Amino acid sequence: MSLLPKSPKARRRLMLVLAIAPVLAIAVGLTLWGLRGSISFFYTPTQAAAAKPPPGRSVQLGGLVEKGSVIKHPDGRVEFTVADQHAADKVVFQGDLPDLFREGQGVVAVGAFRDDGVFEAKNVLAKHDERYMPREVADQLKKQGEWRGGGAMPDYEKAERP
Amino acid sequence: MIAEFGAFALMLGLAFAIAQFVLSAAGRVRRSSVLAAAGEGAALASFAGVAIAFAVLMHAFVTSDFSVANVAANSHTEKPLLYRVAGTWGSHEGSMLLWDLALTGYGAAMAVFGRSLPRGLKSSAVATQGLLGVVFLAYTVFASNPLIRLARPPVEGRSLNPLLQDPALAVHPPFLYAGYVGMSVVFSLAVAALIEGRVDAAWARWVRPWALAAWSLLTVGITLGAFWAYYELGWGGWWFWDPVENASFMPWLVAAALLHSAIVTEKRGALAGWTVFLGLAAFSFSMLGAFLVRSGVLTSVHAFAVDPKRGVLLLIILGVMAGSAFSLFAWRAPSLNQGGVFAPVSRESALVLNNILLAAATATVLLGTLFPLIREAVTGEPISVGPPYFNLTFTPLMAALILILPAGPLLAWKRGDAHGVAQRLWAAAALAVLAGLGTYALVSPRKAFGALGLALGAWLIAGALAELAERTRAFRVPAAESWRRLTGLPRGAWGMTLAHLGLGVFVIGACFETGWKAEAAETLPLGGTLDVGAYHLVLEKVSPVEGPNYDADRGVITATRNGAFVCRAEPERRLYLANGQTTSEVAICDRGASHLYIVLGEQRDAGGKPVWLVRAYWNPLAMLIFAGPVIMALGGLISLSDRRLRIGVPKRREQAA
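On a predicted model such as this, the values are computed, not experimentally measured, just so you know.

**As for the overall build of chain A**
Then, in step 1: A count of helices and strands for chain A gives 3 helices and 8 strands.
Then, in step 2: Scored against the burial criterion, the 162 residues of chain A give a buried share of 51%.
Then, in step 3: Total accessible area computed for chain A in this model is approximately 7800 Å², and 58% of it derives from carbon and sulfur atoms.

And the structure:
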């Protein structure tokens, strides 16, 4: 007991620090661990071609749905191409696309590249109506000089692969 | 003419808010009760002005007055009346007006109900609330005025997003905002306490009812939002750790911590500085929420479209208000009373641990929400942080909180008896372990995490009941005596028991649903079948129906279990005519507290024959996820009706003494 400070006030402070320290350490540890594992990067097809994310790593792929590229299979599979000015990636998705998914418009596909280079989407985000476009898509398209929309910010609709 | 009248009333509201601030502040400085009373009168007038403006906007929506720009952009004559009313707060501008209405409303309530507050404290608090009113009203009037006219009104409006045309979502913002903005009263009282340099038991007692009311309303608001996301979005989920959801969850967590630390301040005079800090933090998180939701800086499923300039304005408001409040805190907090001494094992310690865990949980949510923003600002690479992060960081902290929760109320103040508490809780612990093991053994497939979560929920419920048994000395005195004690319990005690019980119900629902939900999706022709969980679904037919402002395909799907008829589900896929948007209308079959959840997807062509994408989810005990928070909010409201907590009581007791 001799190590404990004598005054009750100081003792209480010590107790408080002793109580807070482990919780804080655990919280920081979990946070760093969690961030390491669940950050997902955003790429346009051009950037994805340059960055070459390893197959299986969760990323977001954003761009315009190429006109005429959408194939809806009767078994629920959908194939389409997400493109920017310089590159295009084939995306496969199993399930119901967002109600506002349309050709020629911006989407964000969340998923991972397969070994064969095809992007397998777990989610597809599409904009809510004519005015909106996912922010990342808008930013990247602006950078690439392909911006052709209004100024409003995104409003997503999401479809998740069951 | 009437829109101009509303705009004028809004201006008057702003003018009176300025008067409220100046008069109350002057009343405080000069110690003049006349000036202070004038300031309170101005608070009422400011509320009246905003209320008139709000009524005018609602009138414009109900009558479809498309000469008002906001109405033209967000309403449509064919929209049902409920959604025309709800359209009032459906847009950014309207929701800011709702925010102003709540803010000035709370200011007026403080002026009216705060009769027993010490004069100086009250004047400072009313002045602070007035300043908040000035800032947000100025923002509304100059940057987001909902009552601006169009030079050339259109014949028809643009309509409200059909996803938002839903009863739960129509009433969701008023609850959410009443909760969000209720924290402003706590904020004002905290600032006033810092100015006065005095935080004591009486102050904590004044703060608690406001915090309790705001927290309860926020609980209802968040639950309504989660419920809406569950049945309207059609993804089968109820919480997505989306930035917009986190924005309302963070003030909730802080307010929950505040409610507990205020008890320590009230009963033992300790943690005064920390309680004040939480009071400032709660409303700062509310303002952060407004900024996050309305700025468009975050990628969110629910984010609302706004131009970023207004987001920056909101950020400046947040920075200045929170920054100056926390500076005041840094300056004045050391002078606050430090309070009583307590042993490591005591109710104080349990509540301190509760606060540490809630604060740490809030910090992880905050970091996960803001990290993508910060990282993008630094590196320029857009990223997102997904649910795995939140599940990994938030869940263990909450599990720790749940473990200590039943022990807290049983511990004595100042110096608790750990051994005695263990004796009182062993039955609850045994029950929880049995429930967990039983679940693990009986529910297939075996899921260790689900069983663990269920055990935690059972521990909370059994712990709350054990605490109730302890208070009534059940099984140790004659039943009649216990009954007398039970009916004589203060409402505050009932409120706490219900709140802890509700959390247990929620935990059980959330863990069970997450652990054992089943899902299936397939494209079905007419007569096609789909199995989900123990249920067998048949797509009987799909026929067109006509709604008030939409056309729909309505599917008829029958569900059977082991050959026995269960229900006939009629999910719809709607096309809203005003803006060409399609939505899915989920069909939910209730099976006790569990749900069979069916979505009709788009039609596809399979060799000349139509097929439909049908998705189905088996969500066991899903209803508990929403029932739990409702029980918690009910607990809060029952506590609020406790006579001891009534705002006027401390003063009257002082007079009697």
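That covers the picture; the talk isn't over yet.
**Observations concerning empty space enclosed by the protein**
All names here are of chain B.
Then, in step 1: In this structure the tally under the stated criterion is 3 cavities of 30 Å³ or more.
Then, in step 2: What lines the second largest cavity is Ala17, Gln20, Ala43, Ser46, Leu103, Thr104, Gly107, Ala108, Gln129 and Gly133.
Then, in step 3: Of all the secondary structure elements, the ones that give two or more residues to the lining of the second largest cavity are helix 1 (2-30), helix 2 (33-62), helix 5 (92-113) and helix 6 (119-143).
Then, in step 4: For the lining of the second largest cavity, the element with the highest residue contribution is helix 5, accounting for 4 residues.
Then, in step 5: Taken together, the residues that form the lining of the second largest cavity break down as 4 nonpolar, 6 polar and no charged.

**Some remarks on the domain arrangement of chain A**
It is common to give the size of an interface as the accessible area that goes away when the parts come together.
Then, in step 1: Splitting chain A by domain gives domain 1 (10-39) and domain 2 (41-126).
Then, in step 2: Computed over C-alpha atoms, the centres of domain 1 of chain A and domain 2 of chain A are 39 Å apart.

**Concerning the state of the cysteines**
Residues and elements named next belong to chain B.
Then, in step 1: Under the definition given, this model contains 1 disulfide over all chains.
Then, in step 2: Each disulfide pairs two cysteine sulfurs, and for cysteine 567 the partner residue is cysteine 589, the sulfurs being separated by 1.9 Å. Between cysteine 567 and cysteine 589 the disulfide shows an S-S torsion of about 75°. By sign, it is right-handed. Taken together, the residues cysteine 567 in strand 6 (residues 564-569) and cysteine 589 in strand 9 (residues 587-591) connect sequence positions 22 residues apart.

**A short note on the sheet that holds strand 2 (residues 518-524) of chain B**
All names here are of chain B.
Then, in step 1: Read from one edge to the other, the open sheet built from 4 strands follows the order 2-11-10-9, with strand pairing classed as antiparallel. Since the sheet does not close on itself, it has two edges, and those belong to strand 2 and strand 9, each with one partner. Geometrically, the sheet is characterised by an average inter-axis angle of 20° between neighbouring strands, direction not taken into account.
Then, in step 2: Where strand 9 lies against strand 10 (residues 594-606), 5 bridges are found, and the strand directions are antiparallel. Bridge assignment links cysteine 589 to a residue of strand 10, and that residue is leucine 596.
Then, in step 3: In this fold helix 8 (residues 201-232) packs onto strand 9, strand 10 and strand 11 (609-619), with an angle of close to 40° to the strand it touches most, strand 10.

**Overview of the nonpolar core**
Then, in step 1: Grouped together as the largest cluster of nonpolar side chains are 167 residues, with contacts concentrated most on Trp99, Phe136, Leu189, Trp203 and Phe283 of chain B.
Then, in step 2: If sequence neighbours within four positions are ignored, phenylalanine 283 of chain B has contacts with Trp99, Leu103, Leu132, Phe136, Tyr180, Val181, Met183, Ser184 and Phe187 of chain B.
Then, in step 3: Residues Ala48, Val78, Val91 and Leu97 of chain A belong to the second largest nonpolar core, which totals 23 residues.

**A few points about the domain arrangement of chain B**
Then, in step 1: Partitioning chain B into domains gives domain 1 (1-165), domain 2 (168-404), domain 3 (410-513) and domain 4 (518-619).
Then, in step 2: Between the C-alpha centres of domain 1 of chain B and domain 3 of chain B there is a distance of 45 Å.

**Regarding the packing of helix 13 (residues 387-404) of chain B against helix 15 (residues 448-472) of chain B**
All names here are of chain B.
Then, in step 1: Packing of helix 13 against helix 15 brings their axes to within 9 Å, and their N-to-C directions diverge by 35°. The interaxial crossing formed by helix 13 with helix 15 has left-handed handedness. Facing helix 13, whose interface residues are Ala399, Ile402 and Leu403, helix 15 presents Leu456, Trp459 and Leu460.
Then, in step 2: For the contact of helix 13 with helix 15, a count of residues per class yields 6 nonpolar, no polar and no charged.

**Things to note about helix 17 (residues 491-516) of chain B**
Then, in step 1: Taking 1.5 Å per residue, 26 residues should reach 38 Å; helix 17 of chain B reaches 37 Å between its end C-alpha atoms and fits that length.
Then, in step 2: The element helix 17 of chain B is extensively covered by neighbouring structure, given that 19 of its 26 residues are classed as buried.

**So, the packing of aromatic side chains**
Residue and element names in this part refer to chain B.
Then, in step 1: Following the criterion strictly, the structure yields 31 aromatic pairs over all chains and no others.
Then, in step 2: Here tyrosine 389 and phenylalanine 390 contribute two aromatic rings whose centre-to-centre distance is 4.9 Å and whose plane-to-plane angle is 80°, an arrangement assigned as edge-to-face. With respect to burial, tyrosine 389 and phenylalanine 390 carry one shared label: buried.

**With respect to the pairing of strand 7 (residues 572-576) of chain B**
Residues and elements named next belong to chain B.
Then, in step 1: Within strand 7, 4 of the 5 residues are buried, which leaves it mostly tucked inside the rest of the structure.
Then, in step 2: Here strand 5 (residues 550-561) runs beside strand 7; their pairing, made up of 5 bridges, is antiparallel. Its bridge partner lying in strand 7, aspartate 551 is registered against leucine 575.
Then, in step 3: With 5 bridges joining them, strand 7 and strand 8 (residues 581-585) adopt antiparallel strand pairing. By the bridge assignment, arginine 573 is partnered in strand 8 with serine 584.

**Some details on a nonpolar patch on the surface**
Then, in step 1: A cluster of nonpolar residues, Phe8, Met11, Leu12, Phe16 and Phe142 of chain B, forms a patch on the protein surface that exposes about 510 Å² of accessible area.
Then, in step 2: By the element assignment, phenylalanine 8 of chain B lies in helix 1.

**Quick word on the packing of helix 5 of chain B against helix 6 of chain B**
Residues and elements named next belong to chain B.
Then, in step 1: Where helix 5 contacts helix 6, the two axes come as close as 10 Å, and the packing angle between them is 165°. Relative to helix 6, the element helix 5 is oriented roughly antiparallel. Crossing handedness for the pair helix 5 and helix 6: left-handed. Every residue of helix 6 that contacts helix 5 at His92, Met96, Leu97, Trp99, Asp100, Leu103, Thr104, Tyr106, Gly107, Met110 and Ala111 is listed here: Lys122, Ala125, Gln129, Leu132, Gly133, Phe136, Leu137, Tyr139 and Thr140.

**Some thoughts on the pattern of salt bridges**
Residues and elements named next belong to chain B.
Then, in step 1: Tallied over the full model, the rule gives 26 salt bridges over all chains.
Then, in step 2: Across the pair arginine 476 and glutamate 470 runs a salt bridge whose closest N-O atoms are separated by 3.1 Å.
Then, in step 3: Residue classification places glutamate 470 among the partly exposed residues on the basis of a relative accessible area of 23%.
Then, in step 4: As a salt-bridge pair, glutamate 602 and arginine 604 come within 3.0 Å of each other at their nearest N and O atoms. For the pair shown, glutamate 602 and arginine 604 are each scored as buried.
Then, in step 5: Bridged by salt links that share partners, the residues Arg554, Arg568, Glu570, Glu572, Arg574 and Glu585 form one connected network.

**Side note on the side chain of arginine 615 of chain B**
Residues and elements named next belong to chain B.
Then, in step 1: The topology assignment puts arginine 615 in strand 11.
Then, in step 2: Take arginine 615: its relative accessible area is 9%, and that puts it in the buried class.
Then, in step 3: Among the polar contacts made by the side chain of arginine 615, one reaches the side chain of tyrosine 617 at a distance of 3.2 Å.

**Focus: the confidence of the model for chain A**
Residue and element names in this part refer to chain A.
Then, in step 1: On average, residues of chain A score 74 in pLDDT, and 74% of them reach the 70 mark or higher.
Then, in step 2: Ranking the elements of chain A by mean pLDDT puts strand 8 (residues 156-160) last with 41 and strand 5 (residues 88-94) first with 91.
Then, in step 3: Contacts of residues 128-133 to residues separated by more than four positions or lying in other chains number 28 contacts, the stretch itself having pLDDT below 50.
Then, in step 4: Ignoring residues within four places in sequence, the model shows residues 145-162, a span with pLDDT below 50, making 77 contacts including any to other chains.

**Focus on unusual backbone geometry**
Residues and elements named next belong to chain B.
Then, in step 1: Here the bond from serine 444 into proline 445 is cis, since omega is -5°, no more than 30 degrees from zero.
Then, in step 2: Secondary-structure assignment places proline 445 in the loop between helix 14 (418-442) and helix 15.
Then, in step 3: Positive phi is not limited to glycine here, since tryptophan 241 has a value of about 50°.
Then, in step 4: By secondary structure assignment, the location of tryptophan 241 is in the loop between helix 8 and helix 9 (243-268).

**Side note on the side chain of arginine 28 of chain B**
Residue and element names in this part refer to chain B.
Then, in step 1: Inspection of the secondary structure assignment puts arginine 28 in helix 1.
Then, in step 2: Overall, arginine 28 belongs to the buried group, its relative accessible area being 18%.
Then, in step 3: Leaving out residues up to four positions away in the same chain, arginine 28 has contacts with Gly120, Ser123, Ser124 and Glu196.

**Observations concerning the pairing of strand 2 (residues 59-65) of chain A**
All names here are of chain A.
Then, in step 1: Among the 7 residues in strand 2, 7 count as buried, and that is most of the element.
Then, in step 2: Judged from the 3 bridges that link them, strand 1 (residues 39-43) and strand 2 form a sheet pairing that is parallel. Paired with tyrosine 43 across the strands is leucine 61, a residue of strand 2.
Then, in step 3: In this sheet, strand 6 (residues 106-113) lies alongside strand 2 in antiparallel orientation, the contact comprising 6 bridges. Across the sheet, the residue bridging to valine 59 is glycine 111, located in strand 6.
Then, in step 4: As judged from the 2 bridges shared by strand 2 and strand 4 (residues 77-83), these two strands associate in the antiparallel manner. Within strand 4, the residue paired with leucine 64 across the bridge is alanine 83.

What counts, and at which threshold
Residues numbered from 1 in each chain as written. Chains lettered and ligands numbered in written order. Predicted model: local features only at pLDDT ≥ 70, side-chain atom pairs only at ≥ 80, totals over all residues. Heavy atoms only, no water. Helix = DSSP H or I, 4+ residues; strand = E, 2+ residues; numbered from the N terminus. Buried < 20%, exposed > 50% of the residue type's maximum accessible area, 1.4 Å probe, protein only. Areas by Shrake-Rupley, 256 points an atom, 1.4 Å probe, with all protein chains shown as cover. 1 Å grid on protein atoms, 1.4 Å probe; cavity = no way out; pocket = protein on both sides within 12 Å on 5 of 7 lines; lining within 4 Å. Points joined across faces, edges and corners; volume = space filled by probe spheres on them. Nonpolar A, V, L, I, M, F, W, Y, C, P; charged D, E, K, R; others polar. Domains from an automatic or database assignment. Disulfide = S-S within 2.5 Å. Pairing = 2+ DSSP bridges. Axes fitted to C-alpha atoms, helices over the stretch in contact; angles between N-to-C directions. Contact = heavy atoms within 4.5 Å. Core = buried A, V, L, I, M, F, W, Y, C linked by side-chain atoms within 4.5 Å. Left-handed = near helix turned anticlockwise from the far one by under 90°. Expected span 1.5 Å × (residues − 1). Phe/Tyr/Trp six-rings, centres within 6.5 Å; stacked < 30°, edge-to-face > 60°. Patch = residues over 30% accessible without salt bridge, like charges linked within 9 Å, V, L, I, M, F, W, Y side chains within 5 Å. Salt bridge = Lys/Arg side-chain N within 4 Å of Asp/Glu carboxyl O. Parallel < 35°, antiparallel > 145°, perpendicular 65-115°, else oblique. Polar contact = N/O pair within 3.5 Å; in protein donor to acceptor, adjacent residues only side chain to side chain. pLDDT = per-residue confidence, 0-100.

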